[in-house]
Amino acid sequence: MNASGRVRFDQLLDGYLYLLLSGGLYGDFAPQLRPNARPITHVIDAYQAAGGSSPLTDALDALGYSQVPGAFNQLPGNVFAMGRVAVVDLRKNFNGLLPTFQNTFDEYVPPLTSSYRGQSPEVGSGKCGVGSGYASHRCEYWATPTGRWIDRSSQGGYYGYGLGNAGVALGVSRRINRNHHIGLAVGYDYANLDMHDISQKDEFHAVNAALYGGYVDRCQFLDWQVGYGKNFHNTERTVAFNGFYAKPTADYDDDVFALGLMYGRRCGAFLPSVGLELVQVWTPMFVEDGVSGAELRGERSDYTSVELPIGFRLRAAFCERGVSGSHSSPRVRSTRLVEPELRAFWVPQLGDQSSRIGTAFAGGGGEFLVDSGDFGWQHVRLGSGLTARFSRCWSGSINYDAALYSGTTRQTASVALTARF
């Protein structure tokens, strides 16, 4: 007998008499469920109390006691909330491809005088000059194909995800004078997000653009970027239990605005810095396709990440340096062999500490929130990387970063190849 005091003996399957429970019974299961599934029990109770019925509710009514938690944990659209977190991660990775000072370690260019003729190579000095030569390359075109893998672990009953993506970024940089540069970049990524421990995924295409620039001298640097992006999602969820099977899908797009600032000092190979990383995602209303009763409707919502990374980068540049050209017009040239880097940042979060989307069953019933889980107001970001310059125009890099939150970890591994013209 359930909380309403009513039971029904009205379904006979394979010789067994099933008790179809109604009223508030599903709400009694809430403490046993994952956080996003708990409010759905009350929504379905209210829906049935009002006389509502669907293939989904009929299948739920036929479940045994021990089968109910597993069925309800499949119903929330966890992929919608975590998908926006992945979009923010992907946008920040695109920003990391821009040829700003913090990303490329391009040094202040000394005066181009004949006193540099015949200069001996410097190894491990960290003072290599701009690889392409300031005098001959005021305008530079670049292209960076890249691939990366991101894994965010589960926490507190909220599912984590794995994200693999491949893409390319293209851009042009212009040196305005000895200390300032400005550039424009566009990028495309194909990404495949798979939720951990549940059959939900999101395949999406990301298109990003950014205007960027910066200032650098012998003592300090300031990088900035502002950009916009568009993501085209194709989500798929599988709900399967006790003979019930549904695969709701949805197609929708969201918009992304990004703003970044980074100010740092230059103390040899040690670069302390403080920055601002803002990414805002706007998601429109969308409805999943299907007629099973498990389809969801997502409400219009937004998610804002505002982080203030405070920390340092430790870099060494092992290189050869020389001068070419005529006596009257010398050119500084530099071949950087290897640039290893270690980085550590403490990152307060001033924006939303979780991604939340209001959802409801497309066939009717009350609204319930889907939450990514609270990431907390701070985390620690640790990373390492290695860049190799093969020639004046070609370089490659590999990077690994770990963001350590309270109760969860985000790991990112990436590889990139950059061509400069």
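Residues numbered from 1 in each chain as written. Predicted model: local features only at pLDDT ≥ 70, side-chain atom pairs only at ≥ 80, totals over all residues. Heavy atoms only, no water.

Topic: a nonpolar patch on the surface
Quick reminder of the rule: Think of a patch as exposed residues, more than 30% relative accessible area, with no salt bridge, where like charges cluster within 9 Å and nonpolar side chains (Val, Leu, Ile, Met, Phe, Trp, Tyr) cluster within 5 Å. Values of accessible area rely on a 1.4 Å probe in the Shrake-Rupley scheme; residue burial ignores everything except the protein chains shown. One side-chain nitrogen of Lys or Arg within 4 Å of one carboxyl oxygen of Asp or Glu is enough to make a salt bridge. Counting from the N terminus, the helices are the DSSP runs of H or I reaching at least four residues and the strands are the DSSP runs of E reaching at least two.
Where nonpolar side chains cluster on the molecular surface, the patch consists of L222, Y263, V274, I310, W346, W377, V380, L382 and L404 and spans about 750 Å² of accessible area. Topologically, L222 is positioned in strand β7 (residues 220–237).

Describing the sheet that holds strand β18 (residues 356–361)
Operational definition: Should DSSP find at least two bridges between two strands, the strands are regarded as paired. Two residues qualify as a contact provided that any one of their heavy atoms is within 4.5 Å of a heavy atom in the partner residue. All axes here are fitted lines through C-alpha atoms, helices being fitted over the stretch that makes contact, and every angle between N-to-C directions spans 0 to 180 degrees.
With antiparallel pairing, the four strands of this open sheet are ordered in space as β12-β13-β18-β19. If you trace the sheet from one side to the other, it starts and ends with β12 (286–287) and β19 (367–371), each paired once. Of the strand pairs in this sheet, strand β13 (residues 296–298) and β18 are connected by three bridges, and their pairing is antiparallel. Bridge pairing in β18 links L296 to F361. Against the sheet, helix α2 (residues 38–49) makes contact with β18 and β19, and its axis sits at roughly 165° relative to β19, the strand it touches most. Helix-sheet contacts for helix α5 (residues 78–95) involve β12, β13, β18 and β19, and the interaxial angle to β18 is about 155°.

Considerations on the nonpolar core
This is how it is decided: Definition of nonpolar core: a set of buried residues of the types Ala, Val, Leu, Ile, Met, Phe, Trp, Tyr and Cys, connected through side-chain atoms within 4.5 Å. For every residue, the accessible area (1.4 Å probe, protein chains only) is compared with the maximum for its type, and the residue is labelled buried under 20%, exposed over 50%, or partly exposed between those bounds.
If you look at the biggest cluster of nonpolar residues, it comprises 54 residues, and the most contacted ones within it are L60, F72, L75, Y161, L163, F241 and F361. Ranked by residue count, the leading element in this core is α5, at eight residues. Apart from residues lying up to four places away in sequence, Y161 is in contact with M82, V85, A86, D89, I150, D151, R152, L193, D194, M195 and H196. By size, the runner-up hydrophobic cluster in this structure holds nine residues, among which are F94, A185, A210 and A416.

Some thoughts on the packing of aromatic side chains
Quick reminder of the rule: Any Phe, Tyr or Trp ring, taking Trp's six-membered ring, that has another such ring centre within 6.5 Å forms a pair; planes under 30 degrees apart are called stacked, those over 60 apart edge-to-face, and the others tilted.
Applying the stated criterion to the full structure yields 10 aromatic pairs. The interplanar angle of 40° and the centroid separation of 5.3 Å between the aromatic rings of F270 and F312 together place this pair among those described as tilted. In this pair, F270 is assigned in strand β11 (residues 270–283) and F312 in strand β15 (residues 310–315), connecting sequence segments 42 residues apart. Looking at F270, the relative accessible area reads 33%, which means it is partly exposed. A ring pair is formed by W346 and W377, whose centres lie 6.2 Å apart and whose planes are at 90°; its orientation type is edge-to-face. Taken together, the residues W346 in strand β17 (residues 330–348) and W377 in the loop between β19 and β20 (378–389) connect sequence positions 31 residues apart. Judged by relative accessible area, W346 falls into the partly exposed class, the value being 37%.

Here's the deal with the pattern of salt bridges
Following the criterion strictly, the structure yields 20 salt bridges and no others. One salt bridge connects K92 with E307, and the closest N-O pair in it is separated by 2.6 Å. Of the two residues, K92 sits in helix α5 while E307 sits in strand β14 (residues 301–307), which places them 215 residues apart along the sequence. Residue K92 is classed as buried on the basis of its relative accessible area of 18%. Relative accessible area serves as the criterion here: at 4%, E307 is assigned to the buried category. Here R297 and E299 are joined by a salt bridge, their closest N and O atoms 2.8 Å apart. When its relative accessible area of 25% is taken as the criterion, R297 is described as partly exposed. Within this structure, R313, R315, E341, R343 and D401 form a network of salt bridges that share partners.

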